[in-house]
Amino acid sequence: MPGGCPVYRSALAAATEPDPMPTTLDEAAERATNAASWVEENWSTWLNTGLRILLILVVALLLRMAVRRALTKLIERMNRSAQAVEGTALGGLLVNTERRRQRSEAIGSVLRSVASFLIMGTAGLMVLGAFKIDLAPLLASAGVAGVAIGFGARNLVTDFLSGVFMILEDQYGVGDSVDAGVASGEVVEVGLRVTKLRGADGEIWYVRNGEIKRIGNLSQGWATAGVDVTVRPTEDLERVRSVIVEAAASMAKDEPWNERLWGPVEVLGLSEVLLDSMTLRVAAKTMPGKALGVERELRWRIKQGLDEAGIQLVGGVPAQVEATADPTAGMAAPSVFGSAISPQSVAATPLPRPDLNK
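One structure accompanies this document, and this report is about it.

What counts and what doesn't
- Residues numbered from 1 in each chain as written.
- Predicted model: local features only at pLDDT ≥ 70, side-chain atom pairs only at ≥ 80, totals over all residues.
- Heavy atoms only, no water.
- Helix = DSSP H or I, 4+ residues; strand = E, 2+ residues; numbered from the N terminus.
- Buried < 20%, exposed > 50% of the residue type's maximum accessible area, 1.4 Å probe, protein only.
- Core = buried A, V, L, I, M, F, W, Y, C linked by side-chain atoms within 4.5 Å.
- Contact = heavy atoms within 4.5 Å.
- Pairing = 2+ DSSP bridges.
- Axes fitted to C-alpha atoms, helices over the stretch in contact; angles between N-to-C directions.
- Salt bridge = Lys/Arg side-chain N within 4 Å of Asp/Glu carboxyl O.

### Side note on the side chain of Arg112
Phase 1: Mapped onto the elements, Arg112 comes out in helix 4 (residues 97-130).
Phase 2: According to the relative accessible area criterion, Arg112 is buried, its value standing at 15%.

### Focus: the nonpolar core
Phase 1: Grouped together as the largest cluster of nonpolar side chains are 25 residues, with contacts concentrated most on Val229, Ile244, Val265, Val282, Leu298 and Ile311.
Phase 2: Elements with a contribution of two residues or more to this core: strand 6 (223-231), helix 7 (237-253), strand 8 (278-286) and helix 9 (291-309).
Phase 3: Val229 has contacts with Ile244, Met278, Thr279, Leu280, Val282, Ile302, Leu306 and Leu313, leaving out every residue within four places of it along the chain.
Phase 4: In this structure, Met166, Val187, Leu197 and Ile212 belong to the second largest nonpolar core, which totals 13 residues.

### Here's the deal with the sheet that holds strand 6
Phase 1: The strand order across the open sheet formed by three strands is 6-8-7, and the pairing between neighbours is antiparallel. Across the chains shown, the open sheet's two edge strands, defined by having one partner strand only, are strand 6 and strand 7 (266-273). Each neighbouring strand pair of the sheet contributes to a mean axis angle of 25 degrees, computed without reference to strand direction.
Phase 2: Sitting on the sheet, helix 7 touches strand 6, strand 7 and strand 8, and the angle it makes with strand 8 is about 25 degrees.
Phase 3: Most of the contacts of helix 9 go to strand 6, to which it runs at about 30 degrees, and overall it touches strand 6 and strand 8.

### Observations regarding the environment of Arg77
Phase 1: Structurally, Arg77 can be placed in helix 2 (residues 25-86).
Phase 2: Note on Arg77: relative accessible area 57%, which makes it exposed.
Phase 3: Spatially, the C-alpha atom of Arg77 lies 9.9 Å from that of Ser104, the residues being 27 residues apart in sequence.

### A few points about the environment of Gly175
Phase 1: Tracing the chain through its elements places Gly175 in the loop between helix 6 (154-169) and strand 1 (177-179).
Phase 2: The sequence separation of Gly175 and Ser219 amounts to 44 residues, and the corresponding C-alpha distance is 8.3 Å.

### Re the sheet that holds strand 5 (residues 216-217)
Phase 1: Here we have five strands laid out as an open sheet, ordered 4-3-2-1-5, and antiparallel in their pairing. This sheet does not close on itself; its edge strands, each paired only once, are strand 4 (204-208) and strand 5.
Phase 2: Note: strand 2 (residues 184-190) against strand 3 (residues 194-198), four bridges, orientation antiparallel. Looking at the pairing, Val190 lines up with Thr195 of strand 3.

### Observations regarding the pattern of salt bridges
Phase 1: Going through the model one piece at a time under the given rule, you end up with ten salt bridges.
Phase 2: Residue Glu189 pairs with Lys196 through a salt bridge whose shortest N-O separation is 3.3 Å.
Phase 3: Under the relative-accessibility criterion, Glu189 is labelled partly exposed at 35%.
Phase 4: Here Lys196 falls in the partly exposed class, since its relative accessible area comes to 26%.
Phase 5: A salt bridge links Arg281 to Asp228; the shortest N-O distance between them is 2.9 Å. Here Asp228 lies in strand 6 and Arg281 lies in strand 8, a separation of 53 residues in the sequence.
Phase 6: With a relative accessible area of 32%, Arg281 lands in the partly exposed category.
Phase 7: Each member of the salt-bridge network shares a partner with another, and the members are Asp159, Arg208 and Glu211.

Below, the structure written as structure tokens:
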């Protein structure tokens, strides 16, 4: 039956209910008047708030653009100055363009990020203040969240801050030979979190900046090349000195040693005197990272000069003298029992057995 269906009954009941009282013309006019008066009272506030927010955003964007452009021009100027110095006589020795470029780009990236964060963060807080939002709970929540994130990512923060200070202080750069404690080698790349080193065997070490407790830079300033010359104690010291000085002066005039030697080669004197030898110490100030090559060439020249002067070098592992075999080594030691009349032999002789037939 259609009357037994619940849907039909509800539809029938809705159709039979009386219609609500229709809105009159006066009530509609009153509602429109109230709405118009409310808009008229608040439109100035809305316009003021909207213009204030728009002004804050425009000023923030323009300021961010100006700061980033100024930082970019500053970095480009630093790179151009490095390239200009590179073309001079000592520019190639004292300036590493790739190192300066990476350092300037890293500093520029940090400064741009910090400037953008400060400008846009301040603008965001000012926009929230324009909406009459209480910032105290928001700042308190942000502070608690920042502390929690700082504790959770303390290693990352440590690496980042260590990388920033290493770059700002120019502790090392691309091309430097460094000893970082945990690894050593030539610096390939300097990052805000990780430093890449190429070891002596060609391997790449990824060292976190926060793990670096000390840095030994072997490429800053100058290096020292040291050579020990060991001769016989009977040689004339003045003659040996003159030969070494002459060989060093000849080396200092040839390329590329005239650029790698940053000072005269000095004979510092005797460092050791023994019965069969005496050692002279020779040292020179060299370009950073070139001390090993200077030492090898200096040894070569000194050896040639001493050979021409008839001065013989000594030292090293002494030759092993072959020992002759002792013919008595295989003989047994003499014994007291070798003599029949010795007391030991007489005491050891058994007594004769008595003859019982007698």
